[in-house]
Amino acid sequence: MFKMYPQWYPARQSIRLDPKGKSLKDEDVLQHLPVGTTATFYFRDLGAQISWVTVFLTEYAGPLLIYLMFYFRVPFIYVPKYDFTTSKHWVVHLACMCHSFHYVKRLLETLFVHRFSHGTMPLRNIFKNCTYYWGFAAWMAYYINHPLYTPPTYGEQQIRLALTVFLFCQIGNFSIHIALRNLRPPGSKTRKIPYPTKNPFTWIFLLVSCPNYTYELGSWLGFTLMTQCLPVAAFTLVGFIQMTVWAKGKHRSYLKEFRDYPTLRSPILPFIL
Amino acid sequence: MSAPAMGTSKTAHTDSSHKKKKGPGTLAIAYLVIYNVVMTAGWLVIAVGLVRAYLARGSYHGLYYSIEKPLKFFQTGALLEILHCAVGIVPSSVVLTGFQVMSRVFLTWAVTHSVREVQSEDSVLLFVVAWTVTEIIRYSFYTFSLLNHLPYLIKWASFLNIHRYTFFIVLYPMGVAGELLTIYAALPYVQKTGLYSITLPNKYNFSFDYHSFLILVMVSYIPLFPQLYFHMMRQRKKVLGHMEEYSKVE
């Protein structure tokens with residue numbers, strides 16, 4: 001196909017046995033398909049594609065750099081007398097470290113940890129996703145690093161608790177990513193049920209299908225508490241809604257694919273959601 | 001790979017080709033007829049109120065006050081239409097309907113009601129008249145469409161439909177002009193009083209400038225208005241095309 005129509009590179013091709021059915025997978029072999037002596041295939045152009053890795057790297061590099069621009073109070077953001085000054089509140093420095101750590105972790109995970117089942121996604125997604133991540137990062141960073149920023153009401157107690165929650169969930173999230181990676185041997189695209197490992201942070205698999213999202217929510221709740229900033233709360237909420245949608249979808253496909261899937265598990269919040 | 005699972009019980013949300021669209025039941029249709037009749041009546045009340053006030057006063061000035069209450073009531077009532085889409089008794093997009101209704105409600109409450117000084121502006125009359133005529137045609141059309149199993153009503157429905165799409169050519173720009181001029185008139189008062197605005201510092205580290213927000217709203221008309229306008233023009237061509245065929249068959 002690609003030789004005849006070079007503009008439709010393989011990632012863009014969707015081939016099906018039935019025009020309204022699901023696409024065939026890359027690994028499907030002609031002999032094993034439910035067809036007779038002649039086979040009819042339906043082709044669909046999925047549109048311009050871009051690799052997941054590229055999208056993730058761009059999505060995450062943006063917030064990292066944008067936040068730092070606000071932290072260092074680069075000109076034209078705040079009133080000129082504050083250019084290149086730093087905040088007098090130590091929680092602002094802490095917040096910058098946490099935010100940056102979070103996105104550096106995500107970038108490294110994208111490069112070294114995650115094993116993607118799909119190679120590509122539609123090109124327009126990168127514009128949508130970057131607008132979301134970069135937009136929210138700028139909005140949050142503007143207020144946290146603002147000269148008129150107000151530190152949390154309950155001071156050091158609140159910040160300490162928030163930091164504990166944040167770090168706990170960052171480690172948790174990372175543990176889940178490692179556990180998921182180890183489920184799948186390199187180069188394969190097999191799917192297996194994830195189970196708790198020796199790492200206590202993975203024991204949450206007993207109660208939840210997508211604990212990576214659970215921990216992610218926890219991290220952002222921690223960050224919200226740490227900064228006591230409404231835009232951060234808004235970002236946490238929107239992220240939570242999106243992750244819940246994804247978790248429910250993943251949970252449903254686990255249930256469909258595996259007869260023996262543990263019944264105690266909820267998609268994202270133990271017993272609740 | 002196992003054979004594609006077509007007829008299993010859990011196909012509902014995964015296999016979109018087999019999704020059966022459940023239309024409204026008889027109870028829903030009855031409710032919708034009542035809803036649309038009530039809304040038609042409501043906007044007729046507003047229309048009559050405008051005419052009477054004009055005749056009594058002899059000028060266009062300040063007619064808003066004569067219909068302020070029914071306008072607020074019936075325009076806000078349109079929020080139910082979002083619910084109708086969400087529940088599925090009306091086959092429209094929740095997002096699109098939500099957007100349209102919210103923009104009307106925003107203008108009614110967050111601009112005209114909130115900024116007293118603009119209430120006597122002529123621009124208010126401009127959009128109120130545009131809305132009134134549009135809504136009377138729109139709701140009466142929906143009423144007749146819902147009752148369309150009665151054959152002699154189809155002609156009335158078509159009559160209204162043609163007029164809906166034709167009057168729109170004038171009414172839509174008129175409404176948009178009225179809305180934009182009203183928001184523009186509100187700007188200085190919003191800036192002066194800091195209406196609906198929050199400044200820093202505050203303990204939630206958040207700020208909102210309603211004045212800038214209103215300017216943003218005005219700017220958003222630039223991409224949105226042409227899209228909606230040309231969508232309606234295309235719909236109109238389609239509808240008029242069908243009408244010709246229908247009358248030829250007759």
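Analysis parameters
- Residues numbered from 1 in each chain as written.
- Chains lettered and ligands numbered in written order.
- Predicted model: local features only at pLDDT ≥ 70, side-chain atom pairs only at ≥ 80, totals over all residues.
- Heavy atoms only, no water.
- Helix = DSSP H or I, 4+ residues; strand = E, 2+ residues; numbered from the N terminus.
- Buried < 20%, exposed > 50% of the residue type's maximum accessible area, 1.4 Å probe, protein only.
- Contact = heavy atoms within 4.5 Å.
- Areas by Shrake-Rupley, 256 points an atom, 1.4 Å probe, with all protein chains shown as cover.
- Disulfide = S-S within 2.5 Å.
- Phe/Tyr/Trp six-rings, centres within 6.5 Å; stacked < 30°, edge-to-face > 60°.
- Lys NZ or Arg CZ within 6 Å of the ring centre and 35° of its normal.
- UniProt positions renumbered as here; feature names shortened; annotations may be inferred.

## Focus on the overall build of chain B
Here is step 1 of the chain: Check the secondary structure of chain B and you find seven helices and zero strands.
Here is step 2 of the chain: Helices and strands in chain B line up, N terminus first, as α-α-α-α-α-α-α.
Here is step 3 of the chain: Across the 250 residues of chain B, 38% fall into the buried class.
Here is step 4 of the chain: For chain B, the share of sequence-separated contacts (at least 6 apart) that also reach a separation of at least 24 residues comes to 72%.
Here is step 5 of the chain: Summed over its atoms, the accessible surface of chain B is roughly 14900 Å², and 68% of this surface lies on carbon and sulfur atoms.

## Examining the environment of Phe213(B)
Residue and element names in this part refer to chain B.
Here is step 1 of the chain: Among the secondary structure elements, Phe-213 is positioned in helix α7 (residues 210-249).
Here is step 2 of the chain: Assessed through its relative accessible area of 31%, Phe-213 is described here as partly exposed.
Here is step 3 of the chain: Between the C-alpha atoms of Phe-213 and Ala-78, which are 135 residues apart in sequence, the distance is 24 Å.
Here is step 4 of the chain: Here Phe-213 is in contact with Phe-106 and Phe-208, once residues within four sequence places are set aside.

## Things to note about the state of the cysteines
Here is step 1 of the chain: Counted under the stated rule, the structure contains zero disulfides over all chains.
Here is step 2 of the chain: Not engaged in a disulfide, the cysteine Cys98(A) finds its nearest cysteine sulfur in Cys96(A); these two sulfurs lie 9.3 Å apart.

## With respect to the packing of aromatic side chains
Here is step 1 of the chain: Tallied over the entire structure, the rule returns 45 aromatic pairs over all chains.
Here is step 2 of the chain: Look at Phe106(B) and Phe213(B): their rings are 6.1 Å apart centre to centre, the planes differ by 75°, and that puts the pair in the edge-to-face class. Residue Phe106(B) is located in helix α4 (residues 94-113), and its partner Phe213(B) is located in helix α7; the two are separated by 107 residues in the primary sequence.
Here is step 3 of the chain: Note that Arg73(A) overlies the ring of Tyr78(A), its terminal NZ or CZ placed 5.9 Å from the centroid.
Here is step 4 of the chain: A cation over a ring is seen here: Arg138(B) above Tyr139(B), with NZ or CZ 4.5 Å from the ring centre.

## Thoughts on the UniProt feature "transmembrane region" (unreviewed entry) in chain A
Residues and elements named next belong to chain A.
Here is step 1 of the chain: Per the UniProt annotation, the sites labelled "transmembrane region" (unreviewed entry) are residues 50-72, 131-149, 161-180, 201-223 and 229-247.
Here is step 2 of the chain: End-to-end, the C-alpha atoms of residues 201-223 are 20 Å apart, and along that stretch the chain is 57% helix and 0% strand.
Here is step 3 of the chain: This span, residues 229-247, is 95% helix and 0% strand, and a straight line between its end C-alpha atoms measures 27 Å.

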